[in-house]
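Given next are the chains, with one letter for each unit.
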Amino acid sequence: MKQTLAAFAVGLVFGLGLVTSQMINPAKIIGFLNVAGDWDPTLAVVMASALATSFIGYRLVLARHAPLLDEAFHLPANTRIDRKLIIGAGVFGIGWGLSGLCPGPGVAASAVGGALPFVYLAAMLAGMRARDLVKL
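Residues numbered from 1 in each chain as written. Predicted model: local features only at pLDDT ≥ 70, side-chain atom pairs only at ≥ 80, totals over all residues. Heavy atoms only, no water.

### What to know about the packing of aromatic side chains
Taken as a whole, this structure holds 2 aromatic pairs when the rule is applied. When the centroid spacing of 6.3 Å and the interplanar angle of 35° are considered together, the rings of F92 and W96 count as tilted. Of this pair, F92 and W96 are both found in helix α4 (residues 83–99), 4 residues apart, which corresponds to roughly one turn of the helix. The class for W96 is buried, based on a relative accessible area of 16%. (Phe/Tyr/Trp six-rings, centres within 6.5 Å; stacked < 30°, edge-to-face > 60°. Helix = DSSP H or I, 4+ residues; strand = E, 2+ residues; numbered from the N terminus. Buried < 20%, exposed > 50% of the residue type's maximum accessible area, 1.4 Å probe, protein only.)

### Details of the environment of Q22
Along the polypeptide, Q22 turns up in the loop between α1 (2–20) and α2 (26–33). On the basis of relative accessibility, which here comes to 37%, the residue Q22 falls in the partly exposed class. Between the C-alpha atoms of Q22 and Y58, which are 36 residues apart in sequence, the distance is 25 Å.

### Things to note about the confidence of the model for the chain
The predicted structure's coordinates, where accompanied by low pLDDT, should not be read in detail. Across the chain, pLDDT averages 89, with 99% of residues at or above 70. When mean pLDDT is taken per element in the chain, helix α3 (residues 42–62) scores highest with 93 and helix α5 (residues 103–112) scores lowest with 86. (pLDDT = per-residue confidence, 0-100.)

### As for the pattern of salt bridges
According to the stated counting rule, one finds 1 salt bridge in the structure shown. The residue K28 makes a salt bridge to D40 at a minimum N-O spacing of 3.1 Å. With K28 in helix α2 and D40 in the loop between α2 and α3, the pair connects residues that are 12 residues apart, well separated along the chain. This pair shows no difference in class: K28 is buried, exactly as D40 is. (Salt bridge = Lys/Arg side-chain N within 4 Å of Asp/Glu carboxyl O.)

Written out as structure tokens, the structure is:
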């Protein structure tokens, strides 16, 4: 139960951060990605803040012997940059650039309203299913 409550609290803070920073606004994201046109650098501050928070947070958390609500840390074992990672990153970037949304903001934006987040989420789920059908 503690893990569920902690996950809810973290998700709530993450969602509020996405809404507050306007990461759920596709026009804001596309403006940031449009470095050759009318570039909007404000989301660089959001990304720099996230990077700094992660850098400090990982050092503090991993200095512990175990997490607070589990018996051990569950860190990724694969650290190789392989074909699947490169293709997946490319598809993710293309989708992000075309829609102005990525998974977290897409879910958060669906709570705010409008049809675009639901179209995005349906396309994301279809893409995940298509990936299951294709060998890379």
